[in-house]
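Results of the structural survey
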Amino acid sequence: MNWIPWLLAGWLFFVGIYGVISSRNYVHLVGCLAVVQSSTYVLLLSVGYRQGAGPPIFFHIPPGRAVDPVVQALVLTDIVVGATISALLLALALQVHKVKGTLDPDQLRPLRR
Amino acid sequence: MTPLVPLPVAVPITVAAFLLASGHFLPRRVPDLLAMATALAMTVISAVMATRSVSGPLTYWFGGWSTIGAQVVGIRFQVDPFGAALAAFAGLLFFATFIFAWGVFEKIGALFHVLMLFFLAAIDGFVLTHDLFNLFVWFEVMSVAAFSLTAYRLEASALEGAMNFTVTNSLASFCVLGGIGLIYLRVGALDFSALSQAVAADGGDPLFLGSFALLATGFLIKGAMVPFQAWLSDTHAVAPSPVSVIFSGIMVPVGLFGVVRLYFSVFAGSGVITTVLNTLGLWIGVASALLGGFMCLTQRHLKRLLAFSTISHVGVMLAAFAILSAPAQAGFLLYLLGHGLTKGALFMLSGLLLATLGGIDEIGLRGLGRQVWPAGIAFAVGGLLLGGAPVGLMDEGTRLIDAAASQAHRDWAALACLLASALTGGAVLRATGRIFLGWGKVAGEEERGPSEQEQEDANRPLWLLLLPAVVLLCLALAEGGTIQRYARLAVVALMSPGQAAHAPVPVPKPPHPILPWISTLLALLIAAFDLFRDRIPHSILVTNDRITTPLRHLLEPMHSGRVGDYVAWIVAGLAMLAIALSVAS
Amino acid sequence: MRRYRRLALFAIAMLGILPCMIGLFAHMPRFGEHPLPYGDAINLNGVRQRHVTNMVTAVNFDYRGVDTLGEEIMLIAATVGAVMLLRGSRGEELSARPGRAPGRPIAWRSTGQVLIARLMAPLILLFGLNIIIHPQLTPGGGFQGGVIVASAALLIWLGDGYRPWRRLMRSRPIEVAEAIGAAIYALCGFAPMVVGAAFLQNVLPLGKTGALISGGLILLINAGVGIAVACGFALLFIEFLQETRAEEEPDPEEREA
């Protein structure tokens, strides 16, 4: 089926968001955000795919038909940076747990009014 | 290619890297001075570019690349007067903030300046770039620097506010990236010019509509528009004051500017998107303006109050943009500058109150402001400006927006924006009266402040705390004849990218010159109503409660502080945009 | 908002989004069978223009080098933020005794664990360095290799325990190295401007395609990125692992005084 990559990206996006909305633990929420992020990677890499073509590395073969290197470059840097943002979120969660003793997003509310 | 163009981005990054490496070894005040000098230099460079770009956009190809055949392969910055003016304004605001934040962040030393310089570089890159993925990169750098800056204070509520901020704005980044994927699939290029040619050729293609829905969602989340606005009040309540100045003064309006830039540089050729912006965009702007204004009045925490007023004023800016005519865009620029200066000054003054009086609760501080009465004058001026007083940059902007609205037969939008200004101005004036004049005694348990004590260090003299705020307010009060003409020139290049701005857009006749006076009077009345409740006849109070209480019950759950709610509203907003685009096509 | 209302809002929104999504998918080009003009332009010309054989690296550090500069800045900003957070609440001094979670035993390291970690750490370090060194020829680069090098450092902790690991990993030099990595990238951008070229333009000699030293400025930028990424992740590991330590207890002499 032709739509599988797009459906996969859409599914990951919305199921990740569902995870964020219904989460009861902040660490779980950070994981769901990572799922949403990976949906964008799936989309981008699928956009760059070409049937029957190889990777854009021309060490042993002459330059020719290959998949799109631009999206791969975009995704590559994003993955590494996404890991550090997850680290920042987890550091926040760690500190909140130390101060408040809970990781439940529904019980963690900033100052009201 | 003038070598000035990459500097607003490259120099702050280099200075920040240097500060990061040597921060521990430098004497105490050197990072402050270095950061101030960098911000000032970037302001000057951007201002020079702003004047030079009037006669034609300054194009700069990075890495020496441009095109291979007909395909654009490099990244370019295309400096137009609008973007350069925003970059200069950002530099100015950062300069003032560095003065205000002198000596505040002792614990983390130079890290504050490092993050702020990254932030400045990202804003400059965002407004100057001509490549879609590059736009996204600077958008993300802005967000990450902001996340790190918000999380500075370590009380529990600061952490929760930072978490809500980080989660919602990360989702914004993911939406933008998804939108980029869709449009790249369709066009195979990332440069604005290539994209706009493709859109103009086939404006109704669902791929373009889907891409726009995701991109607009992402940028409107950053711009704190309804229904994506809830994160802003949480963030402002907990971020340190210098950081709040930057958020409300430039970051949130620049998020909205992302939509403006995308529309005029890429999507203007699509009739469907134009129609949706002209209708739904206008409604979202007006809804944000009114929601922000109303919620403003219900707050007692000064920074949350100012946060809602930001939502309100950025809503006015969105409404101005959504009218899509040239005078409206000129009004947008002037309003953005005036609002940024005023809001920045007000946040600095709140920081002053936090530092000198040890509190930020309006009711808890009642009457204590007499010790710092010069700040009271500045606060009142800020409140009057927000309320629509007929002087200064914001008023110039409002007049252009009103004229554009009636030209486009959208007077209802102008009136709604007037009401919103009156609401926010009234709230700030009420706070001024209560804090500095001791009016508005509230009886009973309301007198007790919220449970958490807030404090910021005050290790600098009062005049140093006051000076940047006063300077910003004076700039906001400036009579804008030249700036107004510049704005009318800038919109020519904004709306037709690549063109020189030869002739300014004509000023339409302002329809009702009495409007600013009505707005100011209304703001004063609203402030007086809340301050002198005990002297108002009971029947009027009951009617007022009957109107406002259901509204509060409706709107306050939206700002519950729970991140799951905010994300649910984000999906709802995305659905709204998607359905509108489908229906219009 | 109560949970069920929130989920109901989500469900209603999804009811609106799903038809739009299906309509969108129906109009998308066939997977794998649509033109890739940008990719082709780079694939067909990159080897000739830059004397490199890995097109992804060419895009990352040359054609779209400014994007990667922004990404590196993002990484540093996030790392600085996380470190600032974790360090801020506890200061920089902590005892080296492991913290005790109530009800959980402290697991001892088995001989097998120590052996494998000691064997694999240098191997993985070498592997990581290998990945960093020649991105212009084969898949790899500073981003990927930097993470691998940092994980090799983590293996040392797994094998030898906290104290030897901390003796090896000192925060201050690693922070400085991270900043130097960023500075290298920025200076590689400015240096071409000195000779009148554009920011980040590849002005160094390009070398022979396929040689270990080829690609000009790409190698230098890549080295900067590798250092920054490796040090950034190492800092994160240090700070997170320090959270597992118990609080410092006052000396018995001080308590008596």
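Predicted, not measured: the structure shown is a model, and the values here were computed from it.

**Observations concerning the overall build of chain B**
What chain B contains, in helices and strands, is 21 helices and four strands. Against the 2.2 N^0.38 benchmark of 25 Å for 585 residues, chain B shows a C-alpha radius of gyration of 23 Å, consistent with a compact globule. If you line up chain B on its principal axes, its C-alpha atoms span 75 × 60 × 45 Å. The buried share of chain B, taken over its 585 residues, is 67%. For chain B, the proportion of contacts with a sequence separation of at least 24, taken over those separated by at least 6, is 83%.

**A closer look at the domain arrangement of chain B**
Residues and elements named next belong to chain B. The domain boundaries assigned to chain B delineate domain 1 (1-130) and domain 2 (131-452 + 462-584). Centre-to-centre separation of domain 1 and domain 2, based on C-alpha positions: 24 Å. Contact with domain 1, which involves 36 residues of that partner, is made by 43 residues of domain 2. Of all the elements in the fold, those that place two or more residues in the side of domain 1 that touches domain 2 are β3 (71-72), β4 (76-79), α3 (81-100) and α4 (111-128).

**Here we look at the interface of chain C and chain B**
Every contact between the two is made by 54 residues of chain C and, on the other side, 60 residues of chain B. Tallying contributions element by element places helix α4 (residues 65-90) of chain C first for the side of chain C that touches chain B, with 15 residues.

**Brief notes about the interface of chain B and chain A**
Contact residues are listed per partner, giving 40 residues for chain B and 29 residues for chain A. Among the elements of the structure, α5 (132-150), α6 (156-187), α9 (230-238) and α21 (563-584) of chain B are those that each provide at least two residues to the side of chain B that touches chain A. Examining the composition of the side of chain B that touches chain A, we find that 18 residues originate from one element, α6 of chain B, more than from any other. Tallied by class, the residues present in the side of chain B that touches chain A amount to 22 nonpolar, 13 polar and five charged.

**So, unusual backbone geometry**
The omega torsion across V226 of chain B and P227 of chain B is -5 degrees, close enough to zero to call that bond cis. Relative to the elements of secondary structure, P227 of chain B occurs in the loop between α8 (206-222) and α9. The phi dihedral of H51 of chain C falls on the positive side, at around 60 degrees, and the residue is not glycine. Looking at H51 of chain C, the number of C-beta atoms within 10 Å reads 21, which means it is buried. Positive phi, close to 70 degrees, is recorded for L200 of chain C, a residue that is not glycine. Inspection of the secondary structure assignment puts L200 of chain C in the loop between α8 (171-194) and α9 (217-242).

**Looking at helix α3 (residues 69-100) of chain A**
All names here are of chain A. Along its 32 residues, α3 runs 46 Å from first to last C-alpha, staying within 8% of the 46 Å computed at 1.5 Å per residue. Counting buried positions along α3 yields 24 of 32 residues, so the element is predominantly enclosed. Following α3 by one or two positions, G101 adopts a phi angle in the positive range, close to 80 degrees.

Rules of the game
- Residues numbered from 1 in each chain as written.
- Chains lettered and ligands numbered in written order.
- Predicted model: local features only at pLDDT ≥ 70, side-chain atom pairs only at ≥ 80, totals over all residues.
- Helix = DSSP H or I, 4+ residues; strand = E, 2+ residues; numbered from the N terminus.
- Rg over C-alpha atoms; globule rule 2.2 N^0.38 Å.
- Buried ≥ 20, exposed ≤ 12 C-beta atoms within 10 Å, placed from the backbone.
- Contact = placed C-beta atoms within 7 Å.
- Domains from an automatic or database assignment.
- Nonpolar A, V, L, I, M, F, W, Y, C, P; charged D, E, K, R; others polar.
- Expected span 1.5 Å × (residues − 1).

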